[in-house]
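A structural walkthrough
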Amino acid sequence: MTEDMISVRLENLMNFNCNCENECFNDCCRDLNQALTPYDVLRLKNNLGISSPDFLRTYTSLHYGPGSGLPVIEFKPNPDTGYECPFVTPEGCSVYEDRPASCRMYPLARAIARSRETGEITQYFALIEEPHCKGFGKETRQTIKEWLKGQDVGKYNEENDKLMELISLKNQILPGKLEGAQSDKFYLALYDLDEFRAQIVEKDLLNEFSLPEDLLTKIKTDDEVLLNLGIDWVKFMLFGIKMTFGE
Ligand code: SF4
Ligand code: SF4
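Here the residue index of a chain counts from 1 through its sequence in written order. Chain letters and ligand numbers both follow the written order, the letters beginning at A and the numbers at 1. For a predicted model such as this one, the threshold for reporting local features is a pLDDT of at least 70, and the threshold for listing and counting side-chain atom pairs is 80 or more; totals across whole chains, interfaces and linings nevertheless cover every residue.

Quick look at the overall build of the protein chain now. Starting at the N terminus, helices and strands are each numbered in turn, a helix being any DSSP run of H or I of at least four residues and a strand any DSSP run of E of at least two. Looking only at helices and strands, the protein chain has nine helices and eight strands in total. Based on C-alpha atoms, the radius of gyration is set beside the globule rule, defined as 2.2 Å times the residue count to the power 0.38. Since a compact globule built from 247 residues should have a radius of gyration of about 18 Å, the 19 Å found for the protein chain is in line with a globular shape. Each principal axis of the C-alpha atoms in the protein chain carries an extent, and together these give about 60 × 45 × 35 Å. Counting other C-beta atoms within 10 Å of a residue's own tells you its class, since 20 or more makes it buried, 12 or fewer makes it exposed, and anything in between is partly exposed; those C-beta atoms are placed from the backbone. Looking at the 247 residues of the protein chain, the share that counts as buried comes to 23%. Taking as baseline every contact in the protein chain between residues at least 6 positions apart, the subset at least 24 positions apart corresponds to 71%. Here the contact rule is simple: place C-beta atoms from the backbone, and any two residues whose C-beta atoms are within 7 Å are in contact.

The rule for pairing is simple: two strands pair if DSSP sees at least two bridges between them. Bridge count between strand S1 (residues 4–8) and strand S8 (residues 121–129): five bridges; the pairing is antiparallel. Each residue of the ladder has a partner; that of Ser7, found in S8, is Ala126. Bridging between strand S7 (residues 108–114) and S8 involves seven bridges; their strand directions are antiparallel. Across the sheet, the residue bridging to Ala113 is Thr122, located in S8. Here S7 folds back onto S8, and the loop between the two strands holds six residues, one of which, Gly119, carries a positive phi near 80°.

The next thing to look at is the site of ligand 2. In the vicinity of ligand 2, the contacting residues are Cys18, Asn22, Cys24, Phe25, Asp27, Cys28, Tyr106, His132, Cys133, Lys134 and Gly135. Nonpolar residues are Ala, Val, Leu, Ile, Met, Phe, Trp, Tyr, Cys and Pro. Charged residues are Asp, Glu, Lys and Arg, and all others, Gly as well, are polar. Looking at the shell around ligand 2 residue by residue, the classes come out as six nonpolar, three polar and two charged. Any residue whose backbone-placed C-beta atom lies within 6 Å of a molecule or strand is treated as near that molecule or strand.

Our focus in this paragraph is helix H7 (residues 193–203). Buried residues of H7: Leu193, Phe196, Arg197 and Ile200, and no others. Projected down its long axis, H7 carries its buried residues within an arc of 100°, all on one side. Turned more than 90 degrees away from the buried face of H7, the exposed residues are Glu202 and Lys203. Next to the buried residues of H7 lie helix H1 (38–48), helix H2 (52–59), helix H6 (180–190), helix H8 (213–219) and helix H9 (223–239). Positive backbone phi, at 55°, marks Asp204, one or two positions downstream of H7. What the arc covers is the set of directions going from the helix axis to the C-beta atoms.

What fixes the domain bounds is an automatic or database domain assignment. Taken domain by domain, the protein chain comprises domain 1 (4–160) and domain 2 (175–239). Distance from the C-alpha centre of domain 1 to the C-alpha centre of domain 2: 26 Å. Sorting the residues of the side of domain 1 that touches domain 2 by element identifies H1, H2 and strand S4 (71–75) as the ones contributing at least two each. Among the elements that make up the side of domain 1 that touches domain 2, the one with the highest residue count is H1 (five residues).

Taken in spatial order, the three strands line up as S2-S4-S3 in an open sheet, and their pairing is antiparallel. With partners counted over all chains shown, the strands left at the sheet margins are strand S2 (35–36) and strand S3 (60–64), one partner each. Inspection of the sheet shows S2 paired to S4 by two bridges, in the antiparallel sense. Its bridge partner lying in S4, Ala35 is registered against Glu74.

What follows concerns the sheet that holds S8. The antiparallel open sheet is built from three strands, whose spatial order is S1-S8-S7. Edge positions in the open sheet fall to S1 and S7, since each of these has one partner strand only. Between one strand axis and the next, the sheet turns by 30° as a mean value, whatever way the strands run. Simply put, an axis is a line fit to the C-alpha atoms, just over the touching stretch for a helix, and the angle between two N-to-C directions goes from 0 to 180 degrees. Contacting S7 and S8, helix H5 (residues 154–173) crosses the sheet at an angle of about 55° to S7.

Note the cis peptide between Tyr106 and Pro107, where omega equals 10°. Here Pro107 is to be found in the loop between helix H3 (101–105) and S7. The phi angle at Ser210 is positive, at roughly 45°, despite the residue not being glycine. Mapped onto the elements, Ser210 comes out in the loop between H7 and H8.

Attention now moves to the nonpolar core. One finds Val41, Leu190 and Leu227 to be the most contacted residues of the largest nonpolar core, which totals 33 residues. Elements represented by at least two residues in this core include exactly H1, H2, S4, H6, H7 and H9. Top contributing element to this core by residue count: H9, with six residues. Look past the residues within four positions of Leu190 in its chain and what remains in contact with it is Pro38, Leu227, Gly230, Ile231 and Val234. In these notes, a nonpolar core means any group of buried Ala, Val, Leu, Ile, Met, Phe, Trp, Tyr and Cys residues linked to one another through C-beta atoms within 7 Å.

Have a look at this one:
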């Protein structure tokens, strides 16, 4: 696919209108090569009411970054239907309320830089003008900021920035390829949340840490708390950073 990326700011106008009347409706949900974040997986498996092992096995493929050894989870597109997303229907996205961050952002791309001194995050945005997308050039008079609000992407960015922080730590502390056991921990604690929970609750995976009782109770039902614990654990196991237990 050819791409033109145009750098934009939050206050710029975004004359873009995506709707089911556009001739390109659903075209962006085909020919997929789409990586999912841990928070994307959490939302999607809960939308479908299935466990993370079932979701990952049925709807995604896994490979490891050749240079980093980090797990990369992608939708398993169907070659018989033009490599469509498993969730696209003639009426649109069947998991719309819980669609991944990249689907919410499209046709915007977002990158961040984090200050090493303060931890403050600066966001950068670019518009991706792909020929198949006919939503451009429509007079909506919305700013980029307003459009983003409409996509309800704030919570996703907040959660996904934690993954970016982990990747940045890995690049600083463990440059090069992770070992198999390190990659497995990353996958288990971030993507395979229900298996991670089972290993904590039924197999005492974290018994060396004396988890606070209220945290142990919360992770039995709260996937977001569990994901944050997983990030905490990976920071300790891979980088030797003391666990905070969400404090
Ligand atoms: S999750 Fe929904 S919006 Fe995203 S590619 Fe699949 S069908 Fe399209
Ligand atoms: S290709 Fe662009 S305008 Fe068409 S449905 Fe997808 S995002 Fe909307």
